[in-house]
Amino acid sequence: MKWTRKDVVGLADLSVEEIRHILDTADRFREINEREIKKVPTLRGKTVVNLFYEPSTRTRTSFEIAAKRLSADTVNFTASSSSVGKGETLLDTVKNIEAMRPAIIVIRHPNAGTPMLLSKRLHVGVINAGDGWHEHPSQALLDLQMIREAKGAFENLTVAIIGDITHSRVARSNIIGLTKLGAKVRICGPATMVPAPAAEWGVEVTHDLEHAIRGADVIMMLRLQLERQRQTLFPGVNGNTRGFTV
Amino acid sequence: MKTLIKGGHLVDPKAGIDDVRDLVIENGKVLGIEKPGAEYPADMNSIDAAGLLVLPGLVDVHVHLREPGFEHKETIATGCEAAVAGGFAAVCCMANTNPVNDTVAVTRFIIDKAKRANLAKVYPMGAVTLGLAGEILSEMGELKQAGCVAFTDDGRCVMDATIARNAMLYAKSFGVPIAAHAVCEKLAGDGAMHEGVQSMKLGVPGVPSAAEDVMVARDVVLAEHTGAHLHIQHVSTKGAVRLIRDAKSRGVRVTGEGAPHHFTLTDADVGDYDTNAKMAPPLRSAEDREAVIEGLADGTLDVIATDHAPHEALVKDCEFERAANGIIGLETALSLSWALVRQERLTRFRMVELMTWAPAALLSLPHGTLAPGSPSDVTIFDPEARWVFGPEHVKSLSKNSPFSDGN
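Given the structure is predicted, the values throughout are model-derived calculations rather than measurements. (Residues numbered from 1 in each chain as written. Chains lettered and ligands numbered in written order. Predicted model: local features only at pLDDT ≥ 70, side-chain atom pairs only at ≥ 80, totals over all residues. Heavy atoms only, no water.)

A. Representation of the overall build of chain A in the model. A count of helical and extended segments in chain A gives 8 helices and 8 strands. Counting only residues that meet the buried cut, chain A has 51% of its 246 residues in that class. Of the roughly 12100 Å² of accessible surface on chain A, 53% is carried by carbon and sulfur atoms. (Helix = DSSP H or I, 4+ residues; strand = E, 2+ residues; numbered from the N terminus. Buried < 20%, exposed > 50% of the residue type's maximum accessible area, 1.4 Å probe, protein only. Areas by Shrake-Rupley, 256 points an atom, 1.4 Å probe, with all protein chains shown as cover.)

What follows is the structure, encoded as structure tokens:
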């Protein structure tokens, strides 16, 4: 297929064909990581800016390594070492960066919808590396690739996602991606961490861990999003451990 | 000099008129309402209103004029221009200015500025508590004398039940209502839109309906115990409508207002993180919207009020969760309310009552009727006119409207 999108902001607006295309492409690139010289010229002469408004280790490193192995030049920008402290607005900052003609801006931001805002306002490609509680498409695509590798296909698979669903962008992106690809999804967590209308996603909702994992082909455990929970949602880590961990 | 407004369909709920009438005005007063066919001197200044609605100048008990302190969002002059453009003859401005309207000096400043603007009449609401901090009651007696017509900490909720109760008792002594922004700030938390399917899908922290219901329930209980007049501002939930309906049936002195955005839009209209669909309380579910419309129709809610809340582009053109709450409303309220008449959800008579006599009576303002002797503030409205509302129409200094073309 021909890739026509400027941005990747979430799995919600990717088609099944586009998701499969990304997974197929990733499969092909995977072999590069096994070579002695781990570099291809695909993105030579292009600049990728990693704009991270939240702490990140794995995602930022992954994006940077990926860009470098594709021969792009990378610039990393974190909120603590930027003009954010001077009170500059996000749009001012990104428009300044855009003026320096990068090819892609990878953004992580604590507020949901920020990558969509940038994608509409910038000519440069925008990739969402996690926005608030909303989506984390690169993580979900990685999870989908792992599942496909292990299980072959998504149809007739039952995937249990367990833990803090409400505050998890990884859960949201996975729920959207998995249901699109034909898997059955069960979600499980205490009612303080599962959105009340969760069934609207077309998933099975349970608060019973035993039930959630029975017959599941894949079990996905989410960590507690302590940094995103803004109120008392569970009695303590131990209580949560007893009810909702495997 | 007498002026004749001839042949219009005059709706004056206070006078019980909903029929074709001529209106004669002179020197800022209504002189008379005449049945069609009456004879007039040939040299009289005449306005042909055939096919048009002739209404008492509208009254809005909930606007933010932003002056003093936020003149980059709106001034009293521009706000009054917007009011008049929207058909409003009188507006009540909220106290969350800078400085807050908790002193006589600020009240006088507002009234003085409004007089100089000489457009819509402005009736300030004073703060319930100093600095809207929810701790120390304002000098309601002095403020009332200076011109405040009610008291509210709008924008904030008086969270402490003791202060809320004392405020009601104190206001009752002066015969003025407490207007409550009834939202439990703890339950609302960092919520940026209605908590429901849409917030779940967008990953935006939600404001549960319970945040409003809980506080309306508390305030209704306090009003029942104190006997004070409690006015609930911008009612947005099904639960709040039900609580007010129930309280009224028990004789509690509670009134409520519905905002055009709450009876027109739902949380689905947040769409792709549209900051012009962000306000407090938020756009709620379709069920809540229905409840607000039913409340307006059956008398549970007493008035339509805009909660006109101008904001400059800078605080709207940003991340959704960080965007300021509120939208402008004065210039779209009548058209949106008329839409409820077209949809046969409200009668024409009721809709006009909700925007004229009812709000005037709520705060004992000398407006809202065209009975002879009343101020000749007249709104003439073409119910068949089709137009597209866009930023070029806006008289308000700010353009933040979800109803604006191109938004």
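B. Broad picture of the sheet that holds strand E7 (residues 88-93) of chain B. All names here are of chain B. The 3 strands lie next to each other as E6-E7-E8, forming an open sheet whose pairing is parallel. Of all strands in the sheet, those with a lone pairing partner are strand E6 (58-63) and strand E8 (121-124), marking the two edges. Pairwise comparison of adjacent strand axes, ignoring direction, gives a mean angle of 20 degrees for this sheet. Strand direction decides the pairing type here: E6 and E7, joined by 4 bridges, are parallel. Each bridged residue has a counterpart across the sheet, and for Leu58 the counterpart in E7 is Phe88. Helix H2 (residues 104-117) rests against E7 and E8 of the sheet, and its axis sits at about 170 degrees to E8. (Pairing = 2+ DSSP bridges. Axes fitted to C-alpha atoms, helices over the stretch in contact; angles between N-to-C directions. Contact = heavy atoms within 4.5 Å.)

C. Looking closely at the confidence of the model for chain A. In the predicted model, chain A carries a mean pLDDT of 91, and 89% of its residues have values of at least 70. For chain A, helix H8 (residues 237-244) of chain A is the element with the lowest average pLDDT, namely 61, and strand E4 (residues 125-131) of chain A is the one with the highest, namely 98. (pLDDT = per-residue confidence, 0-100.)

D. Inspection of the interface of chain A and chain B at higher detail. Facing the 23 residues of chain A at the interface are 17 residues of chain B. Between chain A and chain B, a total of about 1700 Å² is buried, with carbon and sulfur atoms accounting for 56% of that surface. In this assembly, chain A and chain B are joined by 2 salt bridges. Among the salt bridges present, the one from Lys120 of chain A reaches Asp272 of chain B, with a minimum N-O distance of 3.4 Å. Along the contact surface separating chain A from chain B lie 8 residue pairs in polar contact (both at pLDDT 80 or more). Listed by contribution, the elements that provide at least two residues to the side of chain A that touches chain B are helix H3 (90-98) and helix H4 (114-121) of chain A. With 5 residues, the top contributor of residues to the side of chain A that touches chain B is H4 of chain A. Here the side of chain A that touches chain B is composed, by residue class, of 11 nonpolar, 6 polar and 6 charged. (Buried area = accessible area lost by both parts, 1.4 Å probe. Salt bridge = Lys/Arg side-chain N within 4 Å of Asp/Glu carboxyl O. Polar contact = N/O pair within 3.5 Å; in protein donor to acceptor, adjacent residues only side chain to side chain. Nonpolar A, V, L, I, M, F, W, Y, C, P; charged D, E, K, R; others polar.)

E. Up close: the sheet that holds E4 of chain A. Residues and elements named next belong to chain A. The strand order E2-E1-E3-E4 describes an open sheet built from 4 strands, whose pairing is parallel. Whereas interior strands pair on both sides, the edge strands pair on one side only; in this sheet they are strand E2 (73-78) and E4. Here the average twist between neighbouring strands, direction ignored, is 15 degrees. Bridge analysis of strand E1 (residues 47-52) against E2 gives 6 bridges, and the strand direction is parallel. Its bridge partner being in E2, Phe52 is matched across the sheet by Thr78. Running over the sheet, H3 touches E1, E2 and strand E3 (104-109) and is turned about 155 degrees from E3.

F. The environment of Glu294 of chain B, seen in detail. Residue and element names in this part refer to chain B. Counting through the fold element by element, Glu294 comes out in helix H10 (residues 286-298). The class of Glu294 is partly exposed, set by a relative accessible area of 43%. Considered as a pair, Glu294 and Phe263 are 31 residues apart in the sequence and their alpha carbons are 9.6 Å apart.

G. Expanded view of the domain arrangement of chain A. All names here are of chain A. Examined at the domain level, chain A breaks down into domain 1 (16-131) and domain 2 (153-244). The partner domain 2 presents 6 residues to the 9 residues of domain 1 that form the contact. Buried surface at the junction of domain 1 and domain 2, summed over both partners, amounts to about 630 Å²; 54% is from carbon and sulfur atoms. For domain 1, the biggest contributors to the area lost against domain 2 are Val16, Ile19 and Arg20; these three give 54% of the whole. (Domains from an automatic or database assignment.)

H. Quick look at helix H8 (residues 238-249) of chain B. All names here are of chain B. Look at H8: 17 Å from first C-alpha to last across 12 residues, which is about the 16 Å you get at 1.5 Å a residue. Those residues of H8 lying buried are Gly239, Ala240, Val241, Ile244 and Ala247. Buried residues along H8 sit against helix H7 (209-226), strand E13 (230-232), strand E14 (254-258) and H10. Phi turns positive, to about 85 degrees, at Gly251, one or two residues after H8. (Expected span 1.5 Å × (residues − 1).)

I. Molecular detail of the packing of helix H5 (residues 137-151) of chain A against helix H6 (residues 169-180) of chain A. All names here are of chain A. At a minimum axis separation of 8 Å, H5 and H6 run at an interaxial angle of 50 degrees. It follows from the interaxial angle that H5 and H6 lie oblique. Like other packed secondary-structure pairs, H5 and H6 cross with a definite hand, here right-handed. Between H5 and H6, the contacting residues are Pro137, Gln139, Ala140, Asp143, Leu144 and Ile147 on the first element and Val170, Ser173, Asn174, Gly177 and Leu178 on the second. A per-class count over the contact of H5 with H6 returns 6 nonpolar, 4 polar and 1 charged. (Parallel < 35°, antiparallel > 145°, perpendicular 65-115°, else oblique. Left-handed = near helix turned anticlockwise from the far one by under 90°.)

J. Expanded view of the confidence of the model for chain B. Mean pLDDT over chain B stands at 97; residues scoring 70 or higher make up 100%. Taken over the whole predicted complex, pTM reads 0.94, whereas the ipTM for its chain interfaces reads 0.92.

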